[in-house]
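Coordinate inspection notes
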Amino acid sequence: MLAEKIRAAFNEARQRRTAPLRLVEERLIELATAGADFTVDDLWQSLRQKEPRLGRATVYRSVEILVNAGLLDRIEFADGRHHYRICGERHHHHLTCTQCHRVVEVDICLPAEQFKAIGQQTGFAIEGHSITLFGRCARCTAHR
């Protein structure tokens, strides 16, 4: 089912079904199945082992298509870096460890009234949100 959604997102973006795109598509499906997070550069480097001529821009465009389709989450870290992860369809946010970069999905969110109040205070029509929490996981706190 997820594989079909990924393929549909690429088709909807009118991406030609080239061999490099199919390679990116299949690797993203593998990562989704494993529940793994990744950086675009790590993804590109691993794919270049199979296809040395694969351009970095192809990988970046493919990742952005899936982010825009809501199939891939961009996870921000406290140091400004970010990873990507194919998450479930339920609404959630991320908690990231500032030391080992472990990522945990959390189901906690601000109440809708707070978003409404923020919109009224700022004059924004809020269309969505993403909250990333930072801290040290239990393992990193114990090994301090």
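Residues numbered from 1 in each chain as written. Predicted model: local features only at pLDDT ≥ 70, side-chain atom pairs only at ≥ 80, totals over all residues. Heavy atoms only, no water.

Below, the discussion takes up the overall build of the protein chain. If you tally the helices and strands in the protein chain, you get 6 helices and 6 strands. Counting from the amino terminus, helix and strand elements in the protein chain follow one another as α-α-β-α-α-β-β-β-β-α-β-α. Across its three principal axes, the protein chain shows a C-alpha extent of roughly 45 × 45 × 25 Å. Pairs at least 24 residues apart make up 42% of the contacts formed inside the protein chain by residues separated by at least 6 positions. Of the roughly 9,300 Å² of accessible surface on the protein chain, a fraction of 51% belongs to carbon and sulfur atoms. (Helix = DSSP H or I, 4+ residues; strand = E, 2+ residues; numbered from the N terminus. Contact = heavy atoms within 4.5 Å. Areas by Shrake-Rupley, 256 points an atom, 1.4 Å probe, with all protein chains shown as cover.)

Attention shifts here to the domain arrangement of the protein chain. Assigned domains within the protein chain: domain 1 (1–89) and domain 2 (90–143). Here domain 1 and domain 2 have C-alpha centroids that lie 23 Å from each other. Taken together, the contact between domain 1 and domain 2 spans 12 residues of the former and 12 residues of the latter. At the boundary of domain 1 with domain 2, total buried surface from both sides reaches about 980 Å², with 58% on carbon and sulfur atoms. Its largest share of buried area at the contact with domain 2, domain 1 owes to Ile75, Phe77 and Arg85, together 40% of the area lost on that side. (Domains from an automatic or database assignment. Buried area = accessible area lost by both parts, 1.4 Å probe.)

The next subject is unusual backbone geometry. Glycine aside, negative phi is the norm for most residues, and most peptide bonds take the trans geometry. Positive phi values are uncommon outside glycine, yet histidine 101 reaches one of about 65°. Mapping histidine 101 onto the fold places it in the loop between strand S4 (93–97) and strand S5 (103–106).

What follows deals with the UniProt feature "binding site: Zn(2+)" (unreviewed entry) in the protein chain. In this structure's numbering, the residues bearing the UniProt feature "binding site: Zn(2+)" (unreviewed entry) are Cys97, Cys100, Cys137 and Cys140. Considering the C-alpha atoms alone, the annotated residues occupy 44 residues of sequence yet fold into one spot, their largest mutual distance being 8.2 Å. If you trace the backbone, cysteine 97 turns up in strand S4. Apart from residues lying up to four places away in sequence, cysteine 97 is in contact with Phe77, Arg102, Gly135, Arg136, Cys137 and Cys140. Following the sequence through the fold, cysteine 100 ends up in the loop between S4 and S5. Look at cysteine 100 and you get partly exposed, because its relative accessible area is 36%. (UniProt positions renumbered as here; feature names shortened; annotations may be inferred. Buried < 20%, exposed > 50% of the residue type's maximum accessible area, 1.4 Å probe, protein only.)

The strand order across the open sheet formed by 3 strands is S1-S3-S2, and the pairing between neighbours is antiparallel. A strand with exactly one partner marks an edge of an open sheet, and here the two such strands are strand S1 (37–38) and strand S2 (73–76). Bridge count between S2 and strand S3 (residues 82–85): 4 bridges; the pairing is antiparallel. Of the residues in S3, the one forming a bridge with isoleucine 75 is histidine 83. (Pairing = 2+ DSSP bridges.)

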